[in-house]
Amino acid sequence: MSGEGRFPEIISPVRRIGRREFDFERQVAVMAIVNRTPNSFHDQGSTYALDSAVAAAVKAVDDGADWVDIGGFAFSAAQAGIGVEEEIERVVPVIAEVRAATDAVISVDTHRPEVARAAIEAGADVLNDTNGLREPGIAEVAAAAGVSVVVTHSLGGPGRRVVRPSYADVVTEVADFLRERVSAVLKAGIAADRIIIDPGHDLNKNTFHSLELTRRLEEITSIGYPTLVALSNKDFIGETLDLPQGERKEGTIAANVVSILKGARILRVHDVAATVASVRMTEAVLGWRGPLAPAHNLA
């Protein structure tokens, strides 16, 4: 255990990712979601137009995001027909314009090596792969470019439907998968200080699975790599609270704070300003940062 003994040790906690430096022993990074897709589950195409996607990314950074995650291929099987060239056309122009506008970290959410290569050339710092870098050649693309990677658990990967996913023990099986995939990407030449892991809440998992992953998240964070959680507005939150899309902000914040207390260090979110406030408060309570304007009962 590190620091004050509360959290699992993190491999290379101080990291330079793109143009920014993070100390994951004492800092939580906020990653903003920008989907250039017509039917993503939360924004429903509101950032599909190029100018809308770029504006959303810039606003997210202005609202305090450290990181922008740009994707053009939704995980849902409904997106399976999107070709490589179309995916490149969706993400590369956004990445190029956002890169010119900010020093924030930029990741590309893709599982295809051709898209990853084009995105990195356009300025992406991180490959965020919900397929766990299983596609032949994709780990080698990341290794050659020296970018960071997010290794995510899913059973089928993007665009592949898994009917009634089942696990004997979801946390153990997710942890085993992540260890195996980390070993594979290390062998492909990706350095340990470039690896981030994500248990993949709701990706081929039901609400009970995602709740169990959150409840026992320290079994994931104890693997040792900085852990990203992508909980924002997901169905397990909506089903737990019986709330539709658009009414899950408070549930998302609560689940994210619990995840921080169990060792998560990167939060992938839609509601940036509210998340940043909750993260900064959590960091202050943990003693990682001081108050910005202390005055009460000090005079």
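See the structure above.
Keep in mind it's a predicted model, so treat the numbers as computed, not measured.

This part takes up the overall build of the chain. A count of helical and extended segments in the chain gives ten helices and ten strands. Taken over the C-alpha trace, the chain has a radius of gyration of 18 Å; the compact-globule value for 299 residues is 19 Å, and the two agree within 12%. Along the longest, intermediate and shortest principal axes, the C-alpha atoms of the chain span 65 × 45 × 40 Å. At a minimum sequence separation of 6, the contacts of the chain that also span at least 24 residues come to 68%. When the accessible surface of the chain is totalled, it reaches about 12500 Å², and 52% of it is carbon and sulfur. Separation of charge centres in the chain, based on 31 positive and 41 negative side chains, amounts to 2 Å.

A word on the packing of aromatic side chains. Here the structure, examined in full by the defined rule, presents three aromatic pairs. Pairing Phe22 with Phe24 gives two aromatic rings, centres 5.6 Å apart and planes at 0 degrees, and the pair type is stacked. Across the pair, exposure class does not vary: Phe22 and Phe24 are buried alike. Seen from their ring centres, Phe22 and Trp67 are 6.3 Å apart, and the 40 degrees between their planes marks the pair as tilted. With Phe22 in strand E2 (residues 20-23) and Trp67 in strand E4 (residues 67-71), the pair connects residues that are 45 residues apart, well separated along the chain. Considered together, Phe22 and Trp67 belong to a single accessibility category, that of buried residues. In textbook terms, an aromatic cluster arises when at least three aromatic residues are bridged by ring pairs, as seen for Phe22, Phe24 and Trp67.

Here we take up empty space enclosed by the protein. Evaluated as defined, the whole model comprises one cavity of 30 Å³ or more. Computed from the structure, the largest cavity encloses a volume of approximately 60 Å³. Lining the largest cavity we find twelve residues, and of these Phe7, Pro8, Ile10, Gly263 and Arg265 sit closest to its centre. For the lining of the largest cavity, the class distribution of residues is six nonpolar, four polar and two charged.

This part takes up helix H1 (residues 50-62). Since the α-helix advances by 3.6 residues per turn, residues separated by three or four positions end up pointing in the same direction. Relative to the 18 Å expected for 13 residues at 1.5 Å per residue, H1 spans 18 Å between its end C-alpha atoms, a close match to the ideal helical length. Three or more residues of H1 are buried, namely Ala53, Val54, Ala57, Ala60 and Val61. In a view along the axis of H1, the buried residues occupy a sector of 125 degrees, so they form one face of it. In this structure, H1 carries Asp51, Lys59 and Asp62 as exposed residues pointing more than 90 degrees from its buried face. The elements touched by buried residues of H1 are E2, strand E3 (29-35), E4, helix H2 (84-101) and helix H10 (272-285). One or two steps after H1, the chain reaches Gly64, where phi turns positive at roughly 115 degrees.

Attention shifts here to the pattern of salt bridges. Note on pairing: side chains with opposite charge can pair once their charged atoms come close. In total, this model carries 18 salt bridges according to the counting rule given. Measuring nitrogen to oxygen at the nearest pair gives 2.9 Å for the salt bridge that ties Arg99 to Asp125. Placement of Arg99 in helix H2 and of Asp125 in the loop between helix H3 (113-122) and strand E6 (126-129) is noted, with a sequence separation of 26 residues between them. Judged by relative accessible area, Asp125 falls into the buried class, the value being 14%. Put simply, Asp169, Glu212, Arg215, Arg216 and Glu219 are held in one network by salt bridges that share partners.

Grouped together as the largest cluster of nonpolar side chains are 67 residues, with contacts concentrated most on Ile70, Leu133, Ile195 and Ile220. When residues no more than four places from it in sequence are discounted, the contact partners of Ile195 are Arg15, Val149, Val151, Val182, Val185, Leu186, Ile190, Tyr225 and Pro226. Ile17, Phe22, Val150 and Ile196 belong to the second largest nonpolar core, which has 14 residues in total.

Mapped onto the elements, Pro244 comes out in the loop between helix H8 (235-241) and helix H9 (249-261). Given the relative accessible area of 41%, Pro244 is considered partly exposed. Residues Pro244 and Asn233, spaced eleven residues apart in sequence, show a C-alpha to C-alpha distance of 8.9 Å.

Here the focus is the sheet that holds strand E7 (residues 148-152). One open sheet holds the eight strands; their spatial order is E8-E7-E6-E5-E4-E3-E10-E9, and the pairing between them is parallel. Of all the strands in the sheet, the pair left with one neighbour each is strand E8 (195-198) and strand E9 (228-229). As paired elements, E6 and E7 share four bridges and run parallel to each other. Paired with Asn128 across the strands is Val150, a residue of E7. Lying on the sheet, H1 is in contact with E3 and E4; it crosses E3 at an angle near 165 degrees. Set on the sheet, helix H5 (residues 170-187) makes contact with E7 and E8; between it and E8 the angle comes to about 155 degrees.

Parameters at a glance
- Residues numbered from 1 in each chain as written.
- Predicted model: local features only at pLDDT ≥ 70, side-chain atom pairs only at ≥ 80, totals over all residues.
- Heavy atoms only, no water.
- Helix = DSSP H or I, 4+ residues; strand = E, 2+ residues; numbered from the N terminus.
- Rg over C-alpha atoms; globule rule 2.2 N^0.38 Å.
- Contact = heavy atoms within 4.5 Å.
- Areas by Shrake-Rupley, 256 points an atom, 1.4 Å probe, with all protein chains shown as cover.
- Lys, Arg positive; Asp, Glu negative; His and termini not counted.
- Charge placed at Lys NZ, Arg CZ, Asp CG, Glu CD.
- Phe/Tyr/Trp six-rings, centres within 6.5 Å; stacked < 30°, edge-to-face > 60°.
- Buried < 20%, exposed > 50% of the residue type's maximum accessible area, 1.4 Å probe, protein only.
- 1 Å grid on protein atoms, 1.4 Å probe; cavity = no way out; pocket = protein on both sides within 12 Å on 5 of 7 lines; lining within 4 Å.
- Points joined across faces, edges and corners; volume = space filled by probe spheres on them.
- Nonpolar A, V, L, I, M, F, W, Y, C, P; charged D, E, K, R; others polar.
- Expected span 1.5 Å × (residues − 1).
- Arc of directions from axis to C-beta.
- Salt bridge = Lys/Arg side-chain N within 4 Å of Asp/Glu carboxyl O.
- Core = buried A, V, L, I, M, F, W, Y, C linked by side-chain atoms within 4.5 Å.
- Pairing = 2+ DSSP bridges.
- Axes fitted to C-alpha atoms, helices over the stretch in contact; angles between N-to-C directions.

Everything listed here is a matter of geometry and, on its own, says nothing about what the molecule does.
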